[in-house]
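# What the coordinates show
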Amino acid sequence: MVYELIDSYNKQKLSAASKHRNGAGIETGVDFNTTLLLFRPKKFGKDYQKKTALETVMAGATWPKVRINQSYPDVSALCDRCGLHEETDLHVFWHCPCNDSVDDNVRDSDKYKDRAIADAGNVPCLWLRGILPIKFTHLSKEDIPNRRAFIPKGEMPQLGQWPSGTYYGDGSGGINTRFPTIRRCGCSLASCINGKLDLGVRYALPGETRTVPRAELSALASLVEISQEGSTLLYIGDDKPVCNLFHKGSEFCKKTSNAYMCYNPI
Ligand SMILES: [Zn+2]
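The model shown is predicted, which means the values in this text are computed figures rather than measured ones.

### Quick look at the overall build of the chain
What the chain contains, in helices and strands, is 13 helices and 5 strands. The globule rule puts the C-alpha radius of gyration for 266 residues at 18 Å, and the 25 Å found for the chain is more than 25% above it. With respect to the principal axes defined by its C-alpha atoms, the chain has extents near 85 × 45 × 35 Å.

### A closer look at the sheet that holds strand β1 (residues 151-153)
Spatially, 5 strands are ordered β1-β4-β3-β2-β5 in an open sheet, and the strand pairing comes out mixed. Looking at strand neighbours, the two that pair on one side only are β1 and β5 (233-236), the edges of this open sheet. Strand-to-strand twist of the sheet, defined as the mean angle between neighbouring strand axes without regard to direction, takes the value 20°. Pairing geometry for β1 and strand β4 (residues 196-204), over 3 bridges, is antiparallel.

### A look at the domain arrangement of the chain
Along its sequence, the chain is organised into domain 1 (2-61 + 103-137) and domain 2 (145-263). On a C-alpha basis, the centroid separation for the pair domain 1 and domain 2 is 36 Å. Taken together, the contacts link 6 residues of domain 1 with 5 residues of domain 2. Of the residues that constitute the side of domain 1 that touches domain 2, the class distribution is 2 nonpolar, 3 polar and 1 charged.

### Structural notes on unusual backbone geometry
Its identity is not glycine, yet Asn-22 carries a phi of approximately 50°, on the positive side. Residue Asn-22 is classed as buried on the basis of its C-beta count, with 21 C-beta atoms lying within 10 Å. With a phi close to 50°, Asn-194 is a non-glycine residue in the positive phi region. In this fold, Asn-194 is placed in the loop between β3 (186-193) and β4. Taking the number of C-beta atoms within 10 Å as the measure of exposure, Asn-194 has 5 and is therefore exposed.

### Topic: the environment of Ser-227
Here Ser-227 is to be found in the loop between α10 (212-226) and β5. Not counting residues up to four positions away in its chain, the partners in contact with Ser-227 are Trp-162 and Leu-233.

### Focus: the nonpolar core
A general trend in soluble globular proteins is that nonpolar side chains are found buried together. Of all hydrophobic cores here, the largest spans 18 residues; its most connected members are Cys-185, Cys-187, Leu-189, Ala-215, Ala-219, Leu-220 and Leu-223. Within the residue set of this core, elements represented by two or more residues are β3, β4, α10 and α11 (240-247). Of all the elements, α10 adds the most residues to this core, at 7 residues. If you look at the next biggest cluster of nonpolar residues, it comprises 14 residues, including Trp-94, Cys-125, Leu-126 and Ile-131.

### With respect to the pairing of β3
Across 5 bridges, strand β2 (residues 165-172) lies against β3 in antiparallel orientation. Within β3, the residue paired with Gly-171 across the bridge is Cys-187. Sheet topology places β3 next to β4; 8 bridges connect them, and they run antiparallel. Note that in β4 the partner of Ile-193 across the bridge is Lys-196. What sits between β3 and β4 in their antiparallel hairpin is a turn of 2 residues, with Asn-194 showing a positive phi close to 50°.

### Remarks on α11
For α11, the full list of buried residues reads Val-242, Leu-245 and Phe-246. Each buried residue of α11 lies within a common arc of 100° when the element is viewed along its axis, so the set occupies one face. More than 90 degrees from the buried face of α11, the exposed residues found are Lys-240, Pro-241, Asn-244 and His-247. Just downstream of α11, Gly-249 is the residue with a positive phi angle, here 95°.

Basis of the calculations
- Within each chain, residues carry numbers counting from 1 in the order of the written sequence.
- For a predicted model such as this one, the threshold for reporting local features is a pLDDT of at least 70, and the threshold for listing and counting side-chain atom pairs is 80 or more; totals across whole chains, interfaces and linings nevertheless cover every residue.
- Runs of E in the DSSP output that reach at least two residues are strands. Runs of H or I that reach at least four are helices, and both are numbered from the N terminus.
- Computation of the radius of gyration draws on C-alpha atoms, with the globule rule given as 2.2 Å multiplied by the number of residues to the power 0.38.
- Any two strands are treated as partners once DSSP identifies two or more bridges connecting them.
- A fitted line through C-alpha atoms represents every axis, and for helices the fit uses only the stretch in contact; the resulting angles, taken between N-to-C directions, go from 0 to 180 degrees.
- An automatic or database domain assignment supplies the start and end points of every domain.
- Contacts here follow a simple rule: the backbone-placed C-beta atoms of the two residues must lie within 7 Å.
- Here the nonpolar group is Ala, Val, Leu, Ile, Met, Phe, Trp, Tyr, Cys and Pro; Asp, Glu, Lys and Arg are the charged ones; every other residue, Gly included, is treated as polar.
- Counting other C-beta atoms within 10 Å of its own, a residue is labelled buried from 20 upward, exposed at 12 or fewer, and partly exposed in the gap between, with every C-beta atom placed from the backbone.
- We call a set of buried Ala, Val, Leu, Ile, Met, Phe, Trp, Tyr and Cys residues a nonpolar core when their C-beta atoms link them within 7 Å.
- Arc definition: directions from the helix axis to the C-beta atoms.

Have a look at this one:
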């Protein structure tokens, strides 16, 4: 409910905010989770100067020379660094040749330069303020699997006929695991004989709740479902928090919606 209140409040404010300086693009929604990842402690440590500089950029509170010139015409709009072009926001962040001598992080961002120059007019909030519109990280419901589609490795027993044995399971958030809105989780199960893969299966985690703990539990739940009735299973996973959660029982797991959805069949 708290999230719904926040979303509702944000919706009202985004339209107004999009009319502010370089705000176009945020009117249909902002991916706050991903945008605010930029502020994570790992990135800046205690470098508050850089952190506050980023806040200034995101707030649209920077004053390139063109902006100053609009208020104070006696101040030249020419870039102080290269002296070649007018200093617009686009010039400061992407176009100025002097950016190459700032630092490695700035040089690394050169791979986006052409795209930034082409798109900054349409989506200035992204390219000139670092605010990510949610439309770029939104997965439509049609793109989210609604059931498990098993992809076997080698010959796979009939579902419900997997034998007793030791099984290894895992869940992963894939290459976009840091970004909840575009994260896609995968689950896998395997058994080995003499160190070689005997049975194996993988599948995309169905459902809109795409978290790694849920993927881990789903692998375990799937093993129980596809095994023979009465079989003895030793399951080996690598997620201790999930293991601890499982051993607390179904009543406890009811409090964590992610886990309970997968706990049920077990
Ligand atoms: Zn310049």
